[in-house]
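Here's the letter readout for the chains.
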Amino acid sequence: MSTIVTTDNRAEVTLDTDTVDTIAVLEAQAETHSRPERAKLAWTQEDDGEWVANYGGHFGGSIDKRDGRYVASDTFGLVVGDFDSLEQAQAKLADQLHVMLPSVIHPVD
């Protein structure tokens, strides 16, 4: 007579936001060779000193001018960084969106 015993060795893990972001960045970098360039990114100036990103038809985040600096926040409201120029802030946010929202990425016409 034989007995089959099945054990479940799976563990439940809770990850903080920084760890999830790091995993997303690493996965995106590992797959860059097969991914399309970028989704279309468009900027709209909402108010004086406030710009909103539209990334492939989705809210991509915003940039606010504060005390002469440009503070970029991603689609989840997390600060990406503060920069000397609007162009630097836009470029960094675009890079972040390309990693954070891979389901939005599609071939650019």
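Colleague: I would appreciate a short explanation of unusual backbone geometry in the present structure.
Modeller: Among all residues except glycine, the phi angle is most often negative; among peptide bonds, the trans geometry is most common. Phi at D67 is positive, roughly 50°, even though this residue is not glycine. With respect to the element layout, D67 can be found in the loop between β3 (58-66) and β4 (69-74). Assessed through its relative accessible area of 82%, D67 is described here as exposed.

Colleague: Got a minute to help me understand the pairing of strand β2 (residues 50-55) in this structure?
Modeller: Remark: a regular strand shows side chains that alternate across the two faces of the sheet. One ladder, built from 6 bridges, connects strand β1 (residues 41-47) with β2; its direction is antiparallel. If you follow T44 over to β2, its bridge partner there is V52. Where β1 folds back on β2, the antiparallel hairpin that results is connected by 2 residues, among which G49 adopts a positive phi of roughly 85°. Note: β2 against β3, 6 bridges, orientation antiparallel. When the sheet's bridge partners are listed, A53 is paired in β3 with G61.

Colleague: Can you help me understand the side chain of D64 in this one?
Modeller: Turning to its location among the elements, D64 is positioned in strand β3. With relative accessibility at 19%, the residue D64 sits in the buried group.

Colleague: Is there a simple way to think about the sheet that holds β3 in this case?
Modeller: Sheet architecture is open: 5 strands sit in the order β1-β2-β3-β4-β5, paired in antiparallel fashion. With one partner strand each, in any of the chains shown, β1 and β5 (79-83) form the two edges of the open sheet. Along the sheet, successive strands turn relative to each other by an average axial angle of 20°, direction set aside.

Rules used throughout
- One numbering rule holds for all chains: residues counted from 1, following each sequence as written.
- Per-residue local features of the predicted model are confined to residues with pLDDT of at least 70, and side-chain atom pairs are confined, for both listing and counting, to 80 or more; whole-chain, interface and lining totals are unaffected and use all residues.
- The side-chain values count all of the structure's non-hydrogen atoms but skip hydrogen atoms and water molecules.
- Going along the chain from the N terminus, every DSSP run of H or I of four or more residues is numbered as a helix, and every run of E of two or more is numbered as a strand.
- When a residue's accessible area, from a 1.4 Å probe over protein chains only, is under 20% of the maximum for its type it is buried; when over 50% it is exposed; and in between it is partly exposed.
- The pairing criterion for strands is at least two bridges between them, as found by DSSP.
- Lines fitted to C-alpha atoms define the axes here, with helix axes fitted over just the stretch in contact, and angles between the N-to-C directions of these axes take values from 0 to 180 degrees.

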